[in-house]
Every structure is written in structure tokens, then in C-alpha cells.
There are 2 protein chains.
Amino acid sequence: MNFLEERILADGVIKPGNVLKVDSFLNHQIDVALIDQMAKEFKRRFADKPITKVLTIETSGIAIAYAVAREFGVPMVFAKKSKSVNLDGEMHVAEVESFTHKKTNKVVVAKKYISPEDHVLIVDDFLANGCALQGLISIVDSAEASVEGLGIAIEKGFQEGGYRIRNLGYHLESLAIVESMDAETGKITFREEL
Amino acid sequence: MNFLEERILADGVIKPGNVLKVDSFLNHQIDVALIDQMAKEFKRRFADKPITKVLTIETSGIAIAYAVAREFGVPMVFAKKSKSVNLDGEMHVAEVESFTHKKTNKVVVAKKYISPEDHVLIVDDFLANGCALQGLISIVDSAEASVEGLGIAIEKGFQEGGYRIRNLGYHLESLAIVESMDAETGKITFREEL
């Protein structure tokens, strides 16, 4: 079991409806040393990739993406959620369905911050059905830049996002893949690393 | 002129209505080295304070607050904007008016992440009318914790937030205080440091 899986077992809280709360260290209160350790692990896993930019989506991916960008010595960009329909043509736009909030968001990145020369590492805290990640991939595609990989803190292995994205041929690395969790017993099972 | 003021002059863009766009390095694309330098400067300015927690508000304060928390070796907490009225009593809540978006948000922090023993450094990217900061101050007050200081990247010195917060006796440090800016000529004047 790796350091993140251990931390999830120690401090994660399972709620009914397959909700895993990691508020105490990942997405409300943030354990800086843990995030730094995650960033170093992503650096190790994508060490052979010529990353020029780290891309995430607001809000809870920002701290992780910042730490990863720091490891690679490149800028970080975060996509913004936007309700505005008056986008001025200077933005890459993707539609993203939010599983948690049951609505569709427009997600935007200013064109000038991702260009065709960029080699992008996409980073986020959670991967469930993969809609947010697919939105980010489509933004990188619109920019004619290349997606070098995707780094996720916690993947819900029992939802289809990870399967779908790996199936498309992307290099996806999740530090912890939850195979199953049970709100009644509190038991969490992780996918074994190969 | 300090490093942040120089960067604002080089890459900031003034838009009509006293809008200063710093999208290229601070709140859409993020220059990691610049943020790290800002964090070190905040560490220097609040070096004598027994900081136990860094508090910010989503979204664009997160990367800066993360870097500052890293310098102090303490956890970071970000307050969340919430439309939900069904808050379950486990949250500190403040009402914050958004000047940019002309609406009122509820801002919440889970009670367990700020306790009476905490010495809090509040960090944000911008200070204009001060509503967001006053919301964060009121959350720290609700927790009966102490506000040790407030660290801001860019203060709009021609709006009243900074005046009001210093007047309340808080130790507020802004790395760049814009005294005036002119969208037509592109000229920006900073307040001289003492």
C-alpha cells in the first residue's frame, strides 16, 4: 500500500452513495507535505515526458497541480468553470457534466495559455466518470497541443472514467484506485499496483 | 519597486472599470517561481508570528496560500463558496458580497479545521473592497481563533478595503498596492513602501 492509500484508510470517510470524503487532507484542509509527496511521485511516473505545462480545473485540483508544476519547473494553468455564454472567441471551451452537482458547466481556458507546442500533463484530485478529464483533454485537443499524460490522486475504479480514458490510449496514473468501499463497515479496497 | 510590482508592470493588463488582469501569471496561468517568491516574502514579513494555519478562499487564492503554508510548514484551508442553505451546523459561515459578480455568496469552513488554538494567516490574491477578507476574518472569529495577519498579493489602494482592515488593527501586508491605473494610457502607479 502506498502513502496515499494509507492516508485514505486513516483519514478518509465513506458516506452513502459512494462518496469518499478526504476533506481533512486533500480538498478543504490541505496537508502540504502530503501534496508535495504526491507531486514528487507524479514527477517520477512522468519523468520521461517533455512536460511544458500542467493543466487542471478549479477548484480542488489547483494545489496538487501547483505542486506538480513546481516539480517540473513549468507553468500551471487552471481551467475555469463559466456560466457565461458571452465567450469572446479567445477561449477554448468544453462542456463538462458534473456528477456531484447534476449540471453542465462550460469549462474554459484562454487560448494564449495553451499553444500547439505545449506538452500538457493534466492533473486532478478525483476521477470518477471522467467527464472533467475529458473536458480538459478536449481543450488540449482544441489547442492542437499534446496530452502527455493524466495524473490523478484518487480514482474510483468502480466507475467507468479510468477505463474509458485508458481505452482511448492515454497514459493515466492514479495514485490510489478505490475498487470498492462500504459506508456501513467503513471498508475500502484498493486495486493492486502491477 | 519590488519583484511583483515589476511583474505587474510587465505583464498586467488594465481594462476599463479599474480591472487589472493578471491572468498570465497569477490567476489563470500561474508562474510557479513567482508564487514561491511571494510565499518567501510573506514568510519574511510574518516571521515573528506563531502561524498554525493558512486560510484562503477559493479559487484564485489557493495556489498562493498553498505556497505560503509550505513556507510555514502548516496546513492550508480554503473556504468554499456555497449556495446551499442546508448547512448542517458543522460549518462556520460568513456572507460575502462579490464586487465582480454583483451577488452575495455564503462562504463556509468546516468547524473542525479551525479551532480556538489556531493562529491564522489569511492569504488572498486581491484586495479591493475587502468583503472577502472580512468574511474570512469573521470565520476565524467564529472559531475563536486569532487572526495573526493578512497577506495579499495585489491591493487596489484606491478602494477602501485595505484602509478599513488596517483601521480595525489587523496586520495587513500587500506585496503590491496599486494607487492608480489608467486603462487608456496603461499607466500604473504603486504606493511607495515605507
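Use the structure listed above.
All of the points below concern the structure found in this document. (Residues numbered from 1 in each chain as written. Chains lettered and ligands numbered in written order. Predicted model: local features only at pLDDT ≥ 70, side-chain atom pairs only at ≥ 80, totals over all residues. Heavy atoms only, no water.)

## Section: the pairing of strand β9 (residues 146-156) of chain B
Residues and elements named next belong to chain B.
Stage number 1. Extensive coverage of β9 is indicated by the burial of ten of its eleven residues.
Stage number 2. The pairing of strand β8 (residues 119-127) with β9 spans eight bridges and is parallel. Across the sheet, L127 pairs through a bridge with E155, a residue of β9.
Stage number 3. With helix α5 (residues 131-142) bridging β8 and the parallel β9, this β-α-β connection has right-handed handedness. (Buried < 20%, exposed > 50% of the residue type's maximum accessible area, 1.4 Å probe, protein only. Helix = DSSP H or I, 4+ residues; strand = E, 2+ residues; numbered from the N terminus. Pairing = 2+ DSSP bridges. Right-handed = clockwise from strand over helix to strand, strands pointing away.)

## Points about the nonpolar core
One broad rule of soluble globular proteins: the nonpolar side chains tend to lie buried together.
Stage number 1. By size, the foremost hydrophobic cluster in this structure holds 79 residues, and its most contacted members are A:L4, B:L4 and B:M38.
Stage number 2. When sequence neighbours within four positions are dropped, the list of residues in contact with A:L4 reads A:F25, A:L34, A:M38, A:A153, A:I154, A:L175 and A:A176. (Core = buried A, V, L, I, M, F, W, Y, C linked by side-chain atoms within 4.5 Å. Contact = heavy atoms within 4.5 Å.)

## Topic: the packing of helix α3 (residues 32-45) of chain A against helix α4 (residues 62-72) of chain B
Between two packed helices, both the angle of their axes relative to each other and the distance between the axes serve to describe the pair.
Stage number 1. Between α3(A) and α4(B), the least distance of the axes is 10 Å, while the angle of their chain directions is 105 degrees. The pairing of α3(A) with α4(B) is recorded here as roughly perpendicular in orientation. The residues of α4(B) that touch α3(A), namely those facing A:V32, A:I35 and A:D36, are B:Y66, B:A69 and B:R70.
Stage number 2. Residue composition of the contact of α3(A) with α4(B), grouped by class: four nonpolar, no polar and two charged. (Axes fitted to C-alpha atoms, helices over the stretch in contact; angles between N-to-C directions. Parallel < 35°, antiparallel > 145°, perpendicular 65-115°, else oblique. Nonpolar A, V, L, I, M, F, W, Y, C, P; charged D, E, K, R; others polar.)

Functional significance is not addressed by these values, which are geometric in nature.
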